[in-house]
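Coordinates in review
Now for the letters of each chain:
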Amino acid sequence: MLSTLPSLPFNFPIEDRDITSTYLGTESMSINLPTECKINENSELSFRMLKGKMILSPANIGFWTQIYHDEIPDSKIIFLTTVPLVPYQMRWLIKSSMLAT
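Residues numbered from 1 in each chain as written. Predicted model: local features only at pLDDT ≥ 70, side-chain atom pairs only at ≥ 80, totals over all residues. Heavy atoms only, no water.

Of the regular secondary structure elements, the protein chain holds two helices and two strands. Buried positions account for 16% of the 101 residues belonging to the protein chain. The long-range fraction of contacts in the protein chain, counting pairs at least 24 apart against all pairs at least 6 apart in sequence, stands at 32%. (Helix = DSSP H or I, 4+ residues; strand = E, 2+ residues; numbered from the N terminus. Buried < 20%, exposed > 50% of the residue type's maximum accessible area, 1.4 Å probe, protein only. Contact = heavy atoms within 4.5 Å.)

Structural data, given as structure tokens:
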């Protein structure tokens, strides 16, 4: 019988004789905001700054969905599932929207 151990993602290999570790790479999240959004006044962005905001996100984003729910539980996330948006459509949606203000 095989035992299943939990899998923990890290962005660095773990050096331990009792743990097998493979570095898979890193991922990053980017965000698009309307020019007049107050969040733009900051030089850095944190999940805390997104608290309570409405967020448009592509669907099927893997583990990022759980990160959204864990790190910004008070946000309102709209997952775009019906039509894949090309960049100009996303720019138009962001420019026309009041969601992030």
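Moving on from the model shown.
Right, let's talk about the nonpolar core for a bit. The biggest cluster of nonpolar side chains holds nine residues, and these are Cys37, Ile39, Leu50, Ile55, Ile61, Trp64, Tyr68, Ile72 and Ile77. If near-sequence neighbours (up to four positions away) are discounted, isoleucine 55 is found in contact with Leu50, Ile72, Ser75, Lys76, Ile77 and Ile78. (Core = buried A, V, L, I, M, F, W, Y, C linked by side-chain atoms within 4.5 Å.)

Time to look at the environment of isoleucine 14. Secondary-structure assignment places isoleucine 14 in the segment before strand E1 (54–58). Residues within four places of isoleucine 14 in sequence aside, it is in contact with Ile19 and Ser21.

Here the focus is the pairing of E1. Where a strand is regular, its side chains alternate between the two sheet faces. Of the two faces of E1, only one is covered, namely that formed by Ile55 and Ser57; the face formed by Met54, Leu56 and Pro58 stays uncovered. Bridge count for E1 against strand E2 (residues 76–80) is five bridges, and the pairing is parallel. The residue of E2 that forms the bridge with leucine 56 is isoleucine 78. Handedness of the crossover joining E1 and E2 through helix H1 (residues 64–71): right-handed. (Pairing = 2+ DSSP bridges. Right-handed = clockwise from strand over helix to strand, strands pointing away.)

Bringing the pattern of salt bridges into the picture now. Applying the stated criterion across every chain yields a total of one salt bridge. Aspartate 74 is paired through a salt bridge with lysine 51; the nearest N and O atoms lie 3.6 Å apart. With a gap of 23 residues between them, aspartate 74 in the loop between H1 and E2 and lysine 51 in the segment before E1 connect regions that are remote in the sequence. On the basis of relative accessibility, which here comes to 41%, the residue aspartate 74 falls in the partly exposed class. (Salt bridge = Lys/Arg side-chain N within 4 Å of Asp/Glu carboxyl O.)

With a phi close to 55°, asparagine 60 is a non-glycine residue in the positive phi region. Examined against the element boundaries, asparagine 60 turns out to sit in the loop between E1 and H1.

As a further point, take the confidence of the model for the protein chain. Across the protein chain, pLDDT averages 76, with 71% of residues at or above 70. Of all the helices and strands in the protein chain, helix H2 (residues 87–96) carries the lowest mean pLDDT, 69, while H1 carries the highest, 90. (pLDDT = per-residue confidence, 0-100.)

Its location among the elements puts serine 28 in the segment before E1. Here the alpha-carbon distance between serine 28 and tryptophan 64, two residues 36 residues apart in the chain, equals 9.6 Å.

Here we take up the environment of isoleucine 31. Along the chain, isoleucine 31 turns up in the segment before E1. The partly exposed category is assigned to isoleucine 31, whose relative accessible area is 34%. It is 9.6 Å that separates the C-alpha atoms of isoleucine 31 and leucine 56, two residues lying 25 residues apart in sequence. With residues up to four places along the chain from it excluded, the contact list for isoleucine 31 reads Leu45 and Leu50.

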